[in-house]
Amino acid sequence: MLLFQAFLISIFCYLGALSTPWVFGLTGGWYTLSRPLVSGLIIGIIVGDVTRGIIVGVAVQAVYIALVTPGGQMPADLNFVAYPAIALAVLSNASTGVAVTLATTIGVLGTIVFNLFQVVNSFWNHRAAAAIETGNERAFHFNTVWGPQIFNFLLRFIPSFLVIYFGAGFAKAMLNSMPKYILDVMTFLGGALPALGIVMLLTVVIKKNYMWAFFLFGFVAVVFVKLNMIALTMVAVMVAIIYYFAISNGNSSKGSSAGTSNNSDEDEEEF
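Residues numbered from 1 in each chain as written. Predicted model: local features only at pLDDT ≥ 70, side-chain atom pairs only at ≥ 80, totals over all residues. Heavy atoms only, no water.

Can you lay out the overall build of the chain for me, pointing to particular residues and giving the numbers?
For the chain, the helix and strand inventory stands at 10 helices and 0 strands. Along the chain, helices and strands appear, N-terminal first, in the series α-α-α-α-α-α-α-α-α-α. The buried share of the chain, taken over its 271 residues, is 36%. Contacts spanning at least 24 positions in sequence make up 73% of the contacts within the chain whose residues lie at least 6 apart. Entry remark: accessible area of the chain is about 15,900 Å², with carbon and sulfur atoms responsible for 72%. (Helix = DSSP H or I, 4+ residues; strand = E, 2+ residues; numbered from the N terminus. Buried < 20%, exposed > 50% of the residue type's maximum accessible area, 1.4 Å probe, protein only. Contact = heavy atoms within 4.5 Å. Areas by Shrake-Rupley, 256 points an atom, 1.4 Å probe, with all protein chains shown as cover.)

If you want it as structure tokens, here you go:
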């Protein structure tokens, strides 16, 4: 059973990679399948524990919620975070904090694989350029599509499969044998990382200082008022509508005042 599960998860690991074009390009692959929240659901379905898969996926997603990849460069390979790391955490029954710490470690190591793929791509580029010079359309097609994708598949599928198939039991045994204080430290660090991801997102989203009030309002509504997600979403929609109309009316008032001032100036000039 674990063999089949590792096989399926590794296939999704390949399909969600940044350089895999088969699932509607970046839209279906990198921006959908490689989101930890989505992969947590997929892994949960495959291993038969959807609830735990989603819980781990949400925790890991919070860490990387503000991750950007300018020019294809990334501080951590989110694809390896989303599949082998989350699968390893779910199968080993690790706590959420430990799962986040494990995911961030594997994500950083995954950048080595991604950088290796980029380096090897120069080999395919030179072969494709030579095929263009000789007019060999078949060779050009192989060196621009199939060659890189075969190598990409091997780099994604094999490490993911080995980590999941051989690492699940090892990780579970290792976590069970660890002293409690080490697990407490890993849980503490893993609990702090999602907060760091939220802070990074807020620094990008919040453009004016008064917008912090919206974040604090939501925090109070969840922590103290105990609103569930449906109620919080409805309240957020109402606040957004009120804010939108307040801003729109303010801009309209400024426009009217400016128009009145311009008309007065024109009347004075005519007089």
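Here the narrative resumes.
Summarise unusual backbone geometry; cite the residues concerned and give the values.
For Phe24, which is not a glycine, the phi torsion comes out positive at approximately 55 degrees. One non-glycine residue, Asn93, adopts positive backbone phi at about 60 degrees. Tracing the backbone shows Asn93 in the loop between helix H5 (78-91) and helix H6 (96-134). Here Asn93 falls in the exposed class, since its relative accessible area comes to 53%.

Kindly report on the pattern of salt bridges, identifying the contributing residues and their values.
In this structure the tally under the stated criterion is 1 salt bridge. A salt bridge links Arg156 to Asp77, with the nearest nitrogen and oxygen atoms 3.0 Å apart. Of this pair, Arg156 sits in helix H7 (residues 137-177) while Asp77 sits in the loop between helix H4 (50-63) and H5, placing them 79 residues apart in sequence. The burial state of Arg156 is the same as that of Asp77; both residues are buried. (Salt bridge = Lys/Arg side-chain N within 4 Å of Asp/Glu carboxyl O.)

Can you break down the environment of Ile42 residue by residue, with the values?
Inspection of the secondary structure puts Ile42 in helix H3 (residues 36-47). Ile42 sits in the buried class, given a relative accessible area of 15%. The spacing of Ile42 and Gly53 is 11 residues in sequence and 7.8 Å in space, taken between C-alpha atoms. Residue contacts for Ile42: discarding those within four places in its chain leaves Phe12, Leu33 and Tyr83.

Any chance you could break down the packing of H4 against H5 for me, citing the residues and the numbers?
Closest axis-to-axis distance for the H4/H5 pair is 10 Å, and the angle between their directions is 130 degrees. In terms of orientation, H4 and H5 fall into the oblique class. Here H4 and H5 pass one another in a crossing that is right-handed. For the pair H4 and H5, contact is made by Arg52, Gly53, Val56, Gly57 and Val60 and by Val81, Ile86, Ala89 and Val90, respectively. (Axes fitted to C-alpha atoms, helices over the stretch in contact; angles between N-to-C directions. Parallel < 35°, antiparallel > 145°, perpendicular 65-115°, else oblique. Left-handed = near helix turned anticlockwise from the far one by under 90°.)

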